[in-house]
Amino acid sequence: MNRLPLLLAVAASCLPVYSTAQPSDIDTSSHCIYTSLFFSGTPYLSESSPRIREIVDEICTAAGFSRNFEVVAASVGSVAAVKDGPRYYLLYSRYYTRTLLERNPVLLYAILAHEIGHIARRHTLDGRFRLSEESSADEFMGRVLYELKKVNSIDMAITLLREDNFAYAPLYPPGARERIIRNGWNSIDGLVRSEGNLGYFENEANLENLTLPVFEIKGCPRFYDFPRSYFQGCKTLKEADHLICRALDNMGYEQRRYYSLPNGFALLTPVEQINAEGIALQGQERWQDYPSSNDFDGILNYLRSLVLPKPGYFRLFAFAITDQPVKSTGGQFDKKQARDWLENGGFWLPELIGNKAFDSGYHAGVFVYEFEAPQTTKKLSERCYPSLLSVEGHLDRSGILQYIKK
Ligand SMILES: [Zn+2]
């Protein structure tokens, strides 16, 4: 049975239909608008055209994602993704989309894919993680452009994309945006090329060129091995992951990324600002925003390049579950694992890894990185010695430990 029509019917039955233009009753404060042309807090809404819905559905199908949001024509400057509570909306300007469809249809597909990427990856869109969420939507766009087969090469797609006027482009480090879009394209390209046992992953060079997210220890993090009793009842790596995620959810660590470790995974929290006692700051000041990177080294390099407006202390947790010593992991993937990462890596724990038995050989632990932006330079650098707190102290003050112990 095809489940898609059923899902759409259910979705349609509980969403309003905008037959004539009317002021929005949607709270639009959490949004991404592709160009900075215009975005009113209460745009007028009207029913979407079948052609745009068709394109949106084509993109969702290419991304393997069931449309669970409403597409609405609106008095906005271009195309926007909006989150109102648990619901997402895709708002678009009739004039803007019609013009693009005639002038540069690939660009229209790309822009819609970017906005749909925010929805598919359930971004907050509230501005706290602007760069991280925008770059993640760009990576999604790169994947979808490959799947849609509207262009023959990523170079051609990038050329067409240069015609756009992306509102958040100034946030990116030079060259980073194109690199991230290419990563999305290349990950699906690698997946397709590896089909049919062509020995694609047998070739070392191919493995190295893939955009596998790999966690390697850099710098001077400190490690804490959780007592196994905390994970009593966890039979698979997925169950251990759920336990950690429940603790992170409760303490507000929404944005997380998965990286690979031999036979296991690493789960990274975003970098947060803390006080000297290890307590997280409140509100916007807590989070450090950075591009969604496909390698941990990239994140560290970006952080080291930052000059912050104020001095302060920061930390990052990297949970690690593996039955191997954690060290350099480059090129140690088997074919199946490599394929799985290409398909799912980064935002979810791939099934292939999650289903592994969490047997007695496994360790569940956490690395803590401390950073400091001193008064003199305000440049973020790793704090190695003396540390602010013990690892256990960080786990305790962050509130994570009490949830993992439960
Ligand atoms: Zn966006």
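All of these numbers come straight from a predicted model, not from anything done at the bench. (Residues numbered from 1 in each chain as written. Predicted model: local features only at pLDDT ≥ 70, side-chain atom pairs only at ≥ 80, totals over all residues. Heavy atoms only, no water.)

Q: Describe the sheet that holds strand 4 (residues 70-74), with residues and values.
A: Taken in spatial order, the six strands line up as 1-3-4-6-5-2 in an open sheet, and their pairing is mixed. What marks the edges here is a single partner per strand, and that holds for strand 1 (22-23) and strand 2 (30-33). As judged from the six bridges shared by strand 5 (residues 79-84) and strand 6 (residues 87-92), these two strands associate in the antiparallel manner. Bridging from a neighbouring strand, A81 pairs with L90 of strand 6. (Pairing = 2+ DSSP bridges. Helix = DSSP H or I, 4+ residues; strand = E, 2+ residues; numbered from the N terminus.)

Q: Tell me what's going on with the coordination of the zinc ion, and back it up with residues and numbers.
A: Protein coordination of the zinc ion is provided by C32 (SG), H114 (NE2), H118 (NE2) and E134 (OE), with donor distances spanning 1.9 to 2.1 Å. Seen from the zinc ion, its four donor atoms lie at angles of 92 to 125 degrees, and the figure they make is tetrahedral. Linear spacing of the donor residues for the zinc ion on their chain is C-x81-H-x3-H-x15-E. Separated by 102 residues along the polypeptide, C32 in strand 2 and E134 in helix 5 (residues 130-148) bring together distant segments of the chain. Summarising the burial analysis for this pair, C32 and E134 share the class buried. (Donors = N, O, S within 2.8 Å, 3.2 Å for Na, K, Ca; no water. Tetrahedral: all angles 85-135°; square planar, octahedral: opposite > 155°, others 65-115°. Buried < 20%, exposed > 50% of the residue type's maximum accessible area, 1.4 Å probe, protein only.)

Q: Run through the pattern of salt bridges, naming residues and quoting values.
A: According to the stated counting rule, one finds 22 salt bridges in the structure shown. Through salt bridges with shared partners, a single network forms among R222, E370, E372 and R383. (Salt bridge = Lys/Arg side-chain N within 4 Å of Asp/Glu carboxyl O.)

Q: Lay out the state of the cysteines in plain terms, naming residues and giving numbers.
A: Taken as a whole, this structure holds one disulfide when the rule is applied. In this model C220 forms its disulfide with C384; the gap between the sulfur atoms is 1.8 Å. Its S-S torsion of approximately -85 degrees makes the covalent link between C220 and C384 left-handed. Of this pair, C220 sits in the loop between helix 8 (204-209) and strand 7 (222-225) while C384 sits in the loop between strand 13 (381-382) and helix 13 (391-397), placing them 164 residues apart in sequence. According to the relative accessible area criterion, C220 is partly exposed, its value standing at 24%. Judged by relative accessible area, C384 falls into the partly exposed class, the value being 41%. (Disulfide = S-S within 2.5 Å.)

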